[in-house]
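One letter stands for each residue in the lines below.
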Amino acid sequence: PCILVTGKGFPDLCTRALVKTLHEELDLPVLGLCDMNPYGISVLSVYFCAGDRMGVDGNYRYSVPIEWMGLRPTCFKELHEKHRLPNTVFQALTDLDKKRMDSLTDEMSPYLDEDEKEEVAEEMKYKVELEALYWLGADFLGDWVFNKLQARFE
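In short, a report on the structure. These numbers were taken from a predicted model, which means no experiment stands behind them.

Some points on the overall build of the protein
When its secondary structure is counted, the protein shows six helices and two strands. The secondary structure elements of the protein, listed N-terminal to C-terminal, are α-β-α-β-α-α-α-α. Relative to a compact globule of 154 residues, whose C-alpha radius of gyration would be 15 Å, the protein shows 16 Å and is just as compact. A principal-axis box enclosing the C-alpha atoms of the protein has dimensions of 45 × 35 × 25 Å. At a minimum sequence separation of 6, the contacts of the protein that also span at least 24 residues come to 72%. About 9300 Å² of surface is accessible on the protein, with carbon and sulfur atoms providing 52% of the total. Once the 17 positive and 28 negative side-chain charges of the protein are each reduced to a mean point, those two points are 3 Å apart.

With respect to unusual backbone geometry
The general pattern is negative phi for most residues beyond glycine and trans for most peptide bonds. Residue Leu71 is bonded to the preceding Gly70 through a cis peptide linkage, with omega at 0°. Positive phi outside glycine occurs at Asp27, with the angle close to 55°. Considering the arrangement of structural elements, one finds Asp27 in the loop between helix H1 (13-26) and strand E1 (30-33). Accessibility expressed as a relative area gives 66% for Asp27, which makes it exposed. One non-glycine residue with positive phi stands out, namely Arg84, at about 50°.

Examining the layout of surface pockets
If a probe the size of a water molecule is rolled over the atoms, the empty space left behind becomes visible. Taken as a whole, the largest pocket holds about 1100 Å³ of empty space. Lining the largest pocket we find 37 residues, and of these Leu4, Val5, Leu31, Gly32 and Leu33 sit closest to its centre. Counting only elements with at least two residues in the lining of the largest pocket, the list comes to H1, E1, helix H2 (38-49), strand E2 (66-70) and helix H6 (140-152). The element best represented in the lining of the largest pocket is H2, accounting for five residues. Classifying every residue of the lining of the largest pocket by side-chain character gives 25 nonpolar, eight polar and four charged.

Definitions and cut-offs
Numbering of residues begins from 1 in every chain and follows the order in which that chain's sequence is written. Given that this is a predicted model, residues contribute local features only at a pLDDT of at least 70 and side-chain atom pairs are listed and counted only at 80 or more, while totals for whole chains, interfaces and linings are drawn from all residues. Side-chain numbers come from the whole structure's heavy atoms, not from hydrogens or water. Under the scheme used here, helices are H or I runs from DSSP no shorter than 4 residues and strands are E runs no shorter than 2 residues, and both carry numbers assigned from the N terminus. Radius of gyration: over C-alpha atoms. The globule rule applied is 2.2 Å multiplied by the number of residues raised to the 0.38 power. Two residues qualify as a contact provided that any one of their heavy atoms is within 4.5 Å of a heavy atom in the partner residue. We get accessible surface area from the Shrake-Rupley algorithm with a probe of 1.4 Å; when it comes to residues, only the shown protein chains can shield them. As used throughout, the charge tally considers Lys and Arg to be positive and Asp and Glu to be negative, leaving His and the chain termini uncounted. In this description, the location of a charge corresponds to atom NZ of lysine, CZ of arginine, CG of aspartate or CD of glutamate. For every residue, the accessible area (1.4 Å probe, protein chains only) is compared with the maximum for its type, and the residue is labelled buried under 20%, exposed over 50%, or partly exposed between those bounds. Here a cavity means grid points, on a 1 Å grid over the protein atoms only, where a 1.4 Å probe fits yet cannot get out; a pocket means an open set of points with protein on both sides within 12 Å along at least five of seven lines; lining residues are those with an atom within 4 Å of a point. Grid points are joined across faces, edges and corners, and a volume is the space filled by probe spheres set on the points. Gly counts as polar in this scheme, as do all residues outside two lists: the nonpolar Ala, Val, Leu, Ile, Met, Phe, Trp, Tyr, Cys and Pro, and the charged Asp, Glu, Lys and Arg.

Put into structure tokens, the structure is as follows:
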């Protein structure tokens, strides 16, 4: 089974409680799809470790192990090499983005593992929103997600 939940940005407490319940009660893995930018990754990290920052959470009460499915820098690099997306989809990283990226790749940051921190630090030279994939057709993003899920659970 697969259930799609959208938090439309940083998830609120109810959304995180729902995801935690679905994960525990139905034994479903949790995978995250976000924009390829430091704030997209930060959204996923809230599902993983919001207890540090949100006192109402009850010390990780609604935290779940969430895998970063995409849009990852390495995935996007492959997509761009194959499909040659227009330059308009690439956005420069701002100073705030770079500061957020530094905090995500800090050795004390609990969400990303060492390989993911290295990927972000070395490969994320610009940011790209998921909507950019619509340049490849209206069905591309759905097909891409389906293929990623299929490969992950084979």
